[in-house]
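Coordinate inspection notes
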Amino acid sequence: MATTSSAFSNHKFQIKLLFILTLNLFFLHTSVFANSSKFSKFSRHPNSESSSRRTKHSTSDDGFLHSVQLSLDHALLAHSLALSLTLSHRTAQPVILDPVNDCLELLDDTIDMLSRIVTKPKDHVNDDDVHTWLSAALTNQETCKQSLSEKTSLNRDGITIDSVARNLTGLLTKSLDMFVSTSRPETGGRKLLSRQDFPTWVSSSDRRLLEASVEELRPHAVVAADGSGTHMSIGEALASLEKGSGRSVIHLTAGTYKENLNIPSKQKNVMLVGDGKGKTVIVGGRSNRGGYDTYKSATVAAMGDGFIARDITIVNSAGPNAEQAVALRVGSDRSVVYRCSIDGYQDTLYTLSKRQFYRETDIYGTVDFIFGNSAVVLQSCNIVSRKGSSDENYVTAQGRSDPNQNTGISIHNCRITGSTGTYLGRPWKQYSRTVVMQSFLDGSIHPSGWSPWPSSNSLKSLFYGEFGNSGPGSSVSGRVDWPGYHPALTLTEAQGFTVSGFIDGSSWLPSTGVVFDSGLL
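Residues numbered from 1 in each chain as written. Predicted model: local features only at pLDDT ≥ 70, side-chain atom pairs only at ≥ 80, totals over all residues. Heavy atoms only, no water.

In the nomenclature of an unreviewed UniProt entry, the protein chain is known as Pectinesterase of Brassica oleracea. Per UniProt, the protein chain has the following entry under Pathway (unreviewed entry): "Glycan metabolism; pectin degradation; 2-dehydro-3-deoxy-D-gluconate from pectin: step 1/5." Its UniProt record gives the protein chain a comment under Catalytic activity (unreviewed entry), which states: "[(1->4)-alpha-D-galacturonosyl methyl ester](n) + n H2O = [(1->4)-alpha-D-galacturonosyl](n) + n methanol + n H(+)". (UniProt positions renumbered as here; feature names shortened; annotations may be inferred.)

Below you can see the structure in the form of structure tokens.
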């Protein structure tokens, strides 16, 4: 009898939830329709040259901010819905709710970014920041839908959430289009800065931290498995950090830590410092075949802005037959991974969103082992394709889904080596963008260089390019003949994918202390 009553109550709850959702969707549809004239007035027309060169004015500012506010309102509604679903299924196994929890975490991040756009005075909002936040918000929605598609346990609820996610995707797409149409009067590219030791977004204090010895760091917490530090696990150390805007440093002494870590959006400026590659090792074994969606499979997940990792090995030990199994997922803006090793097989490094920089880092994998939709530069890294369950490996799978997103993968001055039959990349999404520049490519690289995504129509809309590469696999004579492939980028095009040109690194990297080359070598 108690079981019947519980089931009846749960059924009533779902009916009530569906009724509320229907009313909210009707309200949002009406709001979008009522304001459609504002969107159409400022949206980009492909055949209009003047629209791409339009400068800001007060009316367009008001229209743009209104569109962002509408997106924010819808994101808040979607968050309430997802939270209600987790409560209605609170007795379910945690893995079953993973897709909804993924969406909750991604919506938290989206709400934070959209709130910053609408609340900051317009004179104090940096165009690169706004472009990054809108691009990331759109990526978050694509990621939410991807997680929902990987799990069918909440099929009916998944359809409900998916419909809300699609509506939010449409609103964000319009906001991003309005921003790009009105805010960049010329080509829309960032100015190129002179060669420096670090991108300028890295503060002088962070720069010192990246180069300082462990003794000089004065960490907030020390993790040691033998009990000699302040904490015995990394998770405990992260939980002990006080909230604030300052940099929090955690020293991970030599040892192997079997943990899955999550640094949420609200936990910013976390720095993890180990004792060196192979000495400080974080190991997890989650995988898609093991019941986790791709997003949740990460051994280390960092969403809070300003994340830094130094001298650490991060491993997903699920193995070559486990399908998607992420070692490191990063959705942190202005993040740095320095002198680390990222070790896995399929989907090793998930560069989810925002601006990221990797330097002197080893990345091992098989299929799509560097993927995501951030604006990321990998510089002076060792990228190694290893023997897996297939005869073919793919280094990158870039996920740019909208032509207005400022995202892509730039591989600069790296070494790409490994097993035979390795492709530099394949287009995960329609506007996939990846370049390989001034790098050494060994004989494992397939002569065609790049591979199509199954059933994809992106060969015209993607952007793949190479510039100044060397080594046995660098010849472009046998490369693909796709419309979107550029076998020899011009100097100007290549400069646009450097640290300064692509991730505005000269404005933020100096503060982290990581060594970098801001331009071409």
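Side note on the side chain of arginine 400
Inspection of the secondary structure puts arginine 400 in the loop between strand S19 (393-398) and strand S20 (408-412). Buried and unpaired, arginine 400 has no salt bridge, with aspartate 402 as the nearest side chain of opposite charge at 6.9 Å. (Helix = DSSP H or I, 4+ residues; strand = E, 2+ residues; numbered from the N terminus. Buried < 20%, exposed > 50% of the residue type's maximum accessible area, 1.4 Å probe, protein only. Lys, Arg positive; Asp, Glu negative; His and termini not counted. Salt bridge = Lys/Arg side-chain N within 4 Å of Asp/Glu carboxyl O.)

Details of the packing of aromatic side chains
With the rule as written, the count across this model stands at ten aromatic pairs. Ring plane angle 20° and centroid distance 4.2 Å describe the contact between tyrosine 350 and phenylalanine 371, whose orientation is recorded as stacked. Here tyrosine 350, found in strand S13 (residues 349-351), pairs with phenylalanine 371, found in strand S16 (residues 367-372); they are 21 residues apart in sequence, far enough to count as distant. An identical accessibility class is assigned to tyrosine 350 and phenylalanine 371; each is buried. Here the aromatic rings of tyrosine 394 and tyrosine 423 are separated by 5.6 Å at their centres, their planes lie at 15°, and the arrangement is stacked. Separated by 29 residues along the polypeptide, tyrosine 394 in strand S19 and tyrosine 423 in strand S22 (residues 422-425) bring together distant segments of the chain. On the basis of relative accessible area, tyrosine 394 is assigned to the buried category, the value being 10%. Residue class for tyrosine 423 comes out buried when judged on its relative accessible area of 8%. Through a chain of ring-to-ring contacts, three or more aromatic side chains come together here, namely Trp450, Tyr464, Trp482 and Tyr485. (Phe/Tyr/Trp six-rings, centres within 6.5 Å; stacked < 30°, edge-to-face > 60°.)

Topic: the sheet that holds strand S6 (residues 280-284)
Read across the sheet, eight strands follow the order S3-S6-S9-S12-S15-S18-S21-S24 without closing on themselves; strand pairing throughout is parallel. The open sheet has two edge strands with one neighbour each: strand S3 (255-258) and strand S24 (440-441). With four bridges joining them, strand S18 (residues 382-385) and strand S21 (residues 415-418) adopt parallel strand pairing. Considered in S21, the bridge of isoleucine 383 is made with isoleucine 416. (Pairing = 2+ DSSP bridges.)

Quick word on the state of the cysteines
A covalent bond bridging the sulfur atoms of two cysteines is what the word disulfide describes. Applying the stated criterion to the full structure yields one disulfide. Two residues share a disulfide in this structure: cysteine 103 and cysteine 144, whose sulfurs sit 2.0 Å from each other. What sets the handedness of the cysteine 103 and cysteine 144 disulfide is the S-S torsion sign, and at about 90° it is right-handed. Residue cysteine 103 is located in helix H4 (residues 98-119), and its partner cysteine 144 is located in helix H5 (residues 127-150); the two are separated by 41 residues in the primary sequence. You can see cysteine 414 has no disulfide; the closest cysteine sulfur is in cysteine 381, sitting 4.6 Å from it. By relative accessible area, which is 3% here, cysteine 414 ends up buried. (Disulfide = S-S within 2.5 Å.)

Topic: the UniProt feature "active site" (unreviewed entry) in the protein chain
UniProt records the feature "active site" (unreviewed entry) at Asp368, using the numbering of this structure. Here aspartate 368 lies in strand S16. Aspartate 368 sits in the buried class, given a relative accessible area of 5%.

A short note on the environment of isoleucine 308
With respect to the helices and strands, isoleucine 308 occurs in strand S8 (residues 308-310). Residue isoleucine 308 is classed as buried on the basis of its relative accessible area of 0%. When the C-alpha atoms of isoleucine 308 and serine 248 are compared, they prove to be 10.0 Å apart, with 60 residues separating the residues in sequence. When sequence neighbours within four positions are dropped, the list of residues in contact with isoleucine 308 reads Asp206, Leu210, Arg247, Val270, Met271, Leu272, Val336 and Thr512. (Contact = heavy atoms within 4.5 Å.)

Here we look at empty space enclosed by the protein
For the structure shown, the criterion picks out two cavities of 30 Å³ or more. Space inside the largest cavity adds up to approximately 90 Å³. Along the walls of the largest cavity sit Thr139, Glu142, Thr143, Gln146, Tyr350, Leu352, Gly372, Asn373, Gly399, Ser401, Trp428 and Lys429, which together make up its complete lining. It is H5 that provides the largest number of residues to the lining of the largest cavity, a total of four residues. In terms of residue class, the lining of the largest cavity is built from three nonpolar, seven polar and two charged. (1 Å grid on protein atoms, 1.4 Å probe; cavity = no way out; pocket = protein on both sides within 12 Å on 5 of 7 lines; lining within 4 Å. Points joined across faces, edges and corners; volume = space filled by probe spheres on them. Nonpolar A, V, L, I, M, F, W, Y, C, P; charged D, E, K, R; others polar.)

Side note on the side chain of lysine 296
With respect to the secondary-structure elements, lysine 296 resides in the loop between S6 and strand S7 (300-302). Those residues within four positions of lysine 296 in sequence are excluded, and the remaining contacts are Asp98, Asn101, Asp102 and Arg286.

A short note on the packing of H4 against H5
The angle between the axes and the distance between the axes are what describe a pair of packed helices. Taken N-terminus to C-terminus, the directions of H4 and H5 make an angle of 165°; their axes are 9 Å apart at the nearest point. If you check the angle between H4 and H5, you find them roughly antiparallel. In terms of crossing hand, the pair formed by H4 and H5 is left-handed. Contacts between H4 and H5 involve Pro99, Asp102, Cys103, Leu106, Leu107, Asp109, Thr110, Met113, Leu114, Arg116 and Ile117 from the first element and Val130, Trp133, Leu134, Ala136, Ala137, Asn140, Gln141, Thr143, Cys144, Ser147 and Leu148 from the second. Of the residues that constitute the contact of H4 with H5, the class distribution is 14 nonpolar, five polar and three charged. (Axes fitted to C-alpha atoms, helices over the stretch in contact; angles between N-to-C directions. Parallel < 35°, antiparallel > 145°, perpendicular 65-115°, else oblique. Left-handed = near helix turned anticlockwise from the far one by under 90°.)

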